[in-house]
Amino acid sequence: MWRVFGLVVLLAMFPCYATTIKLAYTMKHDNFNQLLSELAEQTELTVDSVLVDQKALKVRLVQANSATTTDAVIFPADHLGLNKYANFSVIPESLIAETTDKRTLDTTRVNGQLLGIPIIQGNHLLLFYNTRYVKKKINDWQDIIKLKPMLPEQVKLITWSFMEMYWFIPFLSAFEGDLIVDDKVQLNTSAMQLALRYVWDLNQQGIVDRECDYSCSHAAFQNQQAAFIINGAWSLNTYKEALGEQLAVQPLPKLNGHFMQPYYSTFVLAFPNNSLQGPNKDNLIKFAKAVQHAPFQHLIWQKLHDIPVNTQVLTQLLEQNDDTLLTLLAALQHTKPMPSSAAMIIAWEVLTKGFSRYGSGALTAEQAGLFMQGLAERSIANEEVQ
């Protein structure tokens, strides 16, 4: 995903060469390594890269110290909230290309400091469906639920990574809630209670299976064993290859007449342990410029079907009237930026605990809200005094 869906460039320990950049990434895209290879060829740099699980990445960043040999990371921008531990380099404005979509820069600032360079934008959730089972665009959640009796018994109606909170946010937003409001966690709200009840009711009604995680959901839709899936823009290519002309994609439907607003974010290039000021500075600057410029940005669409941040490249792509790109951009209009802060890191963890405890019956919706808000505030206070 973009949550399930991410890119990270953390480098393991390799011997130092004059043109070597050590890099690790979280993006589980088959073609991403190919992009890195082409970029290395264009820049005449050696890129030693390693794929890191997103949770493992957080641990590695938190445990990072000045002795690590990581040069750079490419990952979802909300991970910049770990700056207290990772000591990311502050990015000079002069290193940001003039062609970079300025809106994306808002996702890379922490406490007013620019800590990442946007590479890919979007990464928002979409509704994919199989036209073998679904004959027209979906406007509201009730349109989905009504289709359940019409499906073969072995076919799931809809699936998503139920226990991952990135997928919960659009439901919370439909009840006019969010995790961070005015830079403060807001977890004990009526919107949270309504969203918890609604999502878990879908599970209890047999509309969605809580036990079907990201891999299960992904496989079910690929194998035409699910009519719908909620997943990120990063999965588009895979589903096109699996379903061909039977694939349709659209923005998330409304819920009780209200727009569902998933988070959008950026994948960013960042430099832990202030590596941008270290001995590999010149190579890292060269690499940073290359990922923003047209040749690499074109590849982001051609190879990944992700949205580039280079506005000139995006304009050229739009002139081709590609229906898929137009759909992705239309869906982007009903999203909200994912905050990049230490509080957001804590909010994700706390929300997972409260969501699980409500679903297990250990807490009521009201108790879950109180529990999450209290735990988040205590965790933030502890972070501030450390």
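These notes cover the structure that comes with them. (Residues numbered from 1 in each chain as written. Predicted model: local features only at pLDDT ≥ 70, side-chain atom pairs only at ≥ 80, totals over all residues. Heavy atoms only, no water.)

Description of the overall build of the protein
- The helix and strand tally for the protein stands at 15 helices and 15 strands.
- Its C-alpha atoms give the protein a radius of gyration of 21 Å, near enough to 21 Å, the size a compact globule of 386 residues would have.
- Each of the three principal axes of the protein carries a C-alpha extent, and together these read 65 × 50 × 30 Å.
- Burial analysis of the protein (386 residues in total) assigns 58% to the buried set.
- Counting 30 positive and 36 negative side-chain charges, the protein places the centres of these two groups 4 Å from one another. (Helix = DSSP H or I, 4+ residues; strand = E, 2+ residues; numbered from the N terminus. Rg over C-alpha atoms; globule rule 2.2 N^0.38 Å. Buried < 20%, exposed > 50% of the residue type's maximum accessible area, 1.4 Å probe, protein only. Lys, Arg positive; Asp, Glu negative; His and termini not counted. Charge placed at Lys NZ, Arg CZ, Asp CG, Glu CD.)

What to know about the sheet that holds strand β12 (residues 247–250)
- Taken in spatial order, the four strands line up as β8-β11-β7-β12 in an open sheet, and their pairing is mixed. Edge positions in the sheet fall to β8 (156–159) and β12, since each of these pairs with one other strand and no more. Strand-to-strand twist across the sheet, computed as the mean angle between neighbouring axes with direction ignored, equals 20 degrees.
- Taken together, the four bridges between strand β7 (residues 125–130) and β12 define a ladder with antiparallel strand orientation. Across the sheet, residue F128 finds its bridge partner in β12, namely V249.
- Helix α9 (residues 236–243) rests against β7, β11 (226–232) and β12 of the sheet, and its axis sits at about 150 degrees to β12. (Pairing = 2+ DSSP bridges. Axes fitted to C-alpha atoms, helices over the stretch in contact; angles between N-to-C directions. Contact = heavy atoms within 4.5 Å.)

Let's talk about the environment of I91
- Relative to the helices and strands, I91 resides in the loop between α3 (83–86) and α4 (102–105).
- Spatially, the C-alpha atom of I91 lies 46 Å from that of K156, the residues being 65 residues apart in sequence.
- Each residue touching I91, except ones within four places of it in the same chain, is listed here: I96, L114, L115, G116, I117, F271 and L276.

Looking at the pattern of salt bridges
- Within this structure, the stated rule accounts for five salt bridges.
- For R109, the salt bridge is made with E93, and the minimal N-O distance between the two is 3.5 Å. Of this pair, R109 sits in strand β4 (residues 109–110) while E93 is found in the loop between α3 and α4, placing the two residues 16 residues apart along the sequence.
- Two residues, R197 and E366, come together in a salt bridge whose shortest N-O distance is 2.5 Å. Of this pair, R197 sits in helix α7 (residues 190–204) while E366 sits in helix α15 (residues 365–385); the two residues are 169 residues apart in sequence, bridging distant segments of the chain. (Salt bridge = Lys/Arg side-chain N within 4 Å of Asp/Glu carboxyl O.)

Regarding helix α12 (residues 311–318)
- Buried residues of α12: V313, L314 and L317, and no others. Along the axis of α12, the buried positions cluster into a sector of 100 degrees, meaning they face one direction only.
- Buried residues along α12 sit against β6 (117–122), α11 (294–304), β14 (307–308) and α13 (323–332).
- Among the residues of α12, the N-terminal cap falls to N310, whose side-chain oxygen and the backbone nitrogen of Q312 are separated by 3.0 Å. (Arc of directions from axis to C-beta. Polar contact = N/O pair within 3.5 Å; in protein donor to acceptor, adjacent residues only side chain to side chain.)

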